[in-house]
Amino acid sequence: MTIKITHTRREGTLVEGTEKGDKAGKILKRKEYGRRGGLAFRWGHDLQCWYLRHSRDHAADRWTVNKLRGYLEEAGYTVVVNIDDHKRRSYAEAEAERIERAEARAERFDGYAGNAASRAEGAHRSADAISEYMTGEPIKVGHHSERRHRRDIERMDNHMRRGIEESRKASYWADRAAAAEHFEAFRRDPNRTLRRLEKLRKEFRDIEKWQRGESACGFTRSTTPEGLATLATERDVVLEKIAFEEAVIAEAEARGFKVWGPDDFTKGDFVNAGGTWREVLRVNKKSVTVPHLLTRTGMAVMRSGDRECTAGTVYYGRPSPCKGGKRCTCDTQTLPYDVVRGWASGADIARLEATEPEAERTVCPHCKRVAKGEKRFSTVRGMCTVCGYAKPQNFKAGPAPAPEAAEHQEQAEQAPPVEEPAPVAETCPMCHSSQWNAEARRCAHCHHAPEGKPTPALAPAPGENTHEALALVLIASKNTRRTRKRALWAMTRREAQAVCGDRRTSGRSYMLTWTDQPGVEGTDWEWTPDNGSLDPVLSDLGITPRREWTAAAQAPAEAA
């Protein structure tokens, strides 16, 4: 057989000519590949071939290709290798695809979480149904009920364990969905983008050195025509990335983001990186030197005089590496400019400290768990009066907005609000109730979670009270197949929700449900005798049901 290994920056490293379960597949599934090792090729159902993860938008990993080629040739295969590092896609296209895939993952994981939550709730309901007829009486050893009693306890235990396990799965997939939803914000975060830009500029300088035949990162690159062509492609890719990330920073600056630098600080200013105002001791090219918080925690403002040497101090079982003396550096710390969250002058800090803290206070975001909702944070001072947390804020005056932007903002404020049409409501395709959650695709009434699209219903007219519309309460029994639904009462939708939501109206083998579109009487449903067992529930809820269904309430169902 002939196996073809291809690589392009657009498609990545692909292996064609082999199936998922053949001999070559076992070789491809070895965790020996990748730039750092430990990766295996995966089978792509959409591609119908094998692919190497993290190989797109990169040059070919020739070490991996040659290693795989040797393994396949030893197994008796004929291998053809085709590498084209110049065929690529734009960086903007790659970013757009990453965000699109993250959105798809979020939707898929959200579905997984909803299904797991539904299974967990069903398992807990099953356990509750078993416990309803168990009075807490101990097992009667030797009695004819011993086996049934032990079996019921075991079943209830299994349902509870399955419910707990499914709840953990629901929490796991919900966290994964939340992470995927925040992927775009993560990629567009200005501070992370600044750090990414610094690495890209460093990479660009290294490529320029390699093109001149100089050493960079401790080694040199080939200056042959092929090597120079590869370096030119890498240079174009890095330049494209830098332009894209600079556009992200420009967009963030238009929204009010501040890019800090050495020109914004002088010795004696105060900087906030998220919690404490610290005095600037020295201004560097890429960072500022401030007092260390190692021995001065719980302070809202920390000055150079508050520093302490840690020589001879033991932290977590290890002595401090500082030896003290004139060259003591353990009491200082450098903060990169991308972690700066606020700037203030000495006069601003003195004004804050002189302000009376007895003004209106709110819950401190730093010690709210310990304080249990106690209002400690002074909004006037911008500091917590107990834990010393200081709110990051920028006292440096920003640039004035552009005249065009101010004019557009004024026009937007003066423009009258646009009335949007009422959206189309969605009802549960099972019970047709209004408790359908369109985002979770799950009904809070009957717990139905279909895969298809729910049945759309027209939005109610303005002023119409949908809760007072007529509804039919039905009874459903376990392990019964009836040609027609059994109806108990007719009442308003609000009353039907209260009755069916009461725990006393469902048991081990039956449950109540309701609908406002039951169909045709005698064909789709029929009245069933009421034995009066649920009269106490109706009396407690203050509901007087009826045993008749008018044609007017059935009109929407007939029209549908």
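The text that follows walks through the structure, step by step, so that each part is easy to find. Note that the structure is a prediction, hence the values are computed from the model and not measured.

**Focus: the pattern of salt bridges**
Pairing is possible between side chains that carry opposite charge, provided their charged atoms lie close to one another.
Step number 1: For the coordinates displayed, the defined rule picks out 33 salt bridges.
Step number 2: When the shortest N-O distance is used, the salt bridge between Asp-57 and Arg-89 registers 2.9 Å. Residue Asp-57 is found in the loop between strand S4 (49-51) and helix H2 (62-74), and its partner Arg-89 is found in the loop between strand S5 (78-84) and helix H3 (91-132); the two are separated by 32 residues along the sequence.
Step number 3: Given a relative accessible area of 18%, Asp-57 falls into the buried group.
Step number 4: A salt bridge links Glu-198 to Lys-286, with the nearest nitrogen and oxygen atoms 3.2 Å apart. Of this pair, Glu-198 sits in helix H6 (residues 190-211) while Lys-286 sits in the loop between strand S8 (282-283) and strand S9 (287-291), placing them 88 residues apart in sequence.
Step number 5: Using a relative accessible area of 41% as the deciding quantity, one classes Glu-198 as partly exposed.
Step number 6: Here the salt bridges share partners, and the residues they tie into one network are Arg-56, Asp-57, Arg-89, Glu-95, Glu-97, Arg-98, Arg-187 and Arg-188.

**Re the packing of H3 against helix H7 (residues 225-254)**
Step number 1: Remark: H3 packs on H7, axes separated minimally by 9 Å, with the N-to-C direction vectors making an angle of 60°. One finds that H3 runs oblique with respect to H7. Seen from H3, the contacting residues are Tyr-91, Ala-92 and Glu-95; seen from H7, they are Glu-240, Lys-241, Phe-244 and Glu-245.
Step number 2: Residue composition of the contact of H3 with H7, by class: three nonpolar, no polar and four charged.

**Some details on the side chain of Thr-13**
Step number 1: Along the chain, the position of Thr-13 falls in strand S2 (residues 12-16).
Step number 2: By relative accessible area, which is 4% here, Thr-13 ends up buried.
Step number 3: A distance of 2.8 Å separates polar atoms of two side chains, one belonging to Thr-13 and the other to His-7.
Step number 4: Aside from chain neighbours lying at most four places away, what touches Thr-13 is Ile-5, Thr-6, His-7, Phe-41, Trp-50, Tyr-51, Leu-52 and Ser-55.

**Focus: unusual backbone geometry**
Step number 1: Positive phi outside glycine occurs at Gln-48, with the angle close to 60°.
Step number 2: Classification of Gln-48 by relative accessible area gives exposed; the value is 52%.
Step number 3: Its identity is not glycine, yet Cys-217 carries a phi of approximately 60°, on the positive side.
Step number 4: Its place among the elements puts Cys-217 in the loop between H6 and H7.

**Concerning the side chain of Ser-55**
Step number 1: Here Ser-55 is to be found in the loop between S4 and H2.
Step number 2: Reaching out from Ser-55, the side chain makes a polar contact with the backbone oxygen of Leu-52 at a distance of 2.6 Å.
Step number 3: Excluding residues that lie within four positions of it along the chain, Ser-55 makes contacts with His-7, Gly-12 and Thr-13.

**Quick look at the packing of aromatic side chains**
Step number 1: Evaluated as defined, the whole model comprises 13 aromatic pairs.
Step number 2: On the basis of an interplanar angle of 70° and a centroid distance of 4.9 Å, the ring pair of Tyr-112 and Trp-173 is categorised as edge-to-face. Here Tyr-112 is found in helix H3, whereas its partner Trp-173 is found in helix H4 (residues 146-181), with 61 residues between them in sequence.
Step number 3: Residue Tyr-112 is classed as partly exposed on the basis of its relative accessible area, which comes to 35%.
Step number 4: Taking relative accessible area as the criterion, Trp-173 reaches 22% and is therefore assigned partly exposed.
Step number 5: Ring centres of Trp-525 and Trp-527 lie 5.3 Å apart, and the angle between their planes is 85°; on these two criteria the pair is classed as edge-to-face.
Step number 6: Owing to a relative accessible area of 0%, Trp-525 belongs among the buried residues under this scheme.
Step number 7: In this structure Trp-527 comes out as partly exposed when scored by relative accessible area, which is 22%.
Step number 8: Counting every residue linked through ring pairs, the aromatic cluster contains Phe-109, Tyr-112, Tyr-172 and Trp-173.
Step number 9: A cation sits over an aromatic face here: Arg-30 above Tyr-71, 4.8 Å from the ring centre.

**Focus on the sheet that holds S9**
Step number 1: Spatially, S8-S9-S13 is the arrangement adopted by the three strands of the open sheet, whose pairing is antiparallel. Pairing within the sheet leaves two strands with one partner each, and these edge strands are S8 and strand S13 (332-336).
Step number 2: Here S9 runs beside S13; their pairing, made up of five bridges, is antiparallel. Directly across from Thr-289, in S13, lies its bridge partner Thr-334.

Rules and cut-offs
Residues numbered from 1 in each chain as written. Predicted model: local features only at pLDDT ≥ 70, side-chain atom pairs only at ≥ 80, totals over all residues. Heavy atoms only, no water. Salt bridge = Lys/Arg side-chain N within 4 Å of Asp/Glu carboxyl O. Helix = DSSP H or I, 4+ residues; strand = E, 2+ residues; numbered from the N terminus. Buried < 20%, exposed > 50% of the residue type's maximum accessible area, 1.4 Å probe, protein only. Axes fitted to C-alpha atoms, helices over the stretch in contact; angles between N-to-C directions. Parallel < 35°, antiparallel > 145°, perpendicular 65-115°, else oblique. Contact = heavy atoms within 4.5 Å. Nonpolar A, V, L, I, M, F, W, Y, C, P; charged D, E, K, R; others polar. Polar contact = N/O pair within 3.5 Å; in protein donor to acceptor, adjacent residues only side chain to side chain. Phe/Tyr/Trp six-rings, centres within 6.5 Å; stacked < 30°, edge-to-face > 60°. Lys NZ or Arg CZ within 6 Å of the ring centre and 35° of its normal. Pairing = 2+ DSSP bridges.

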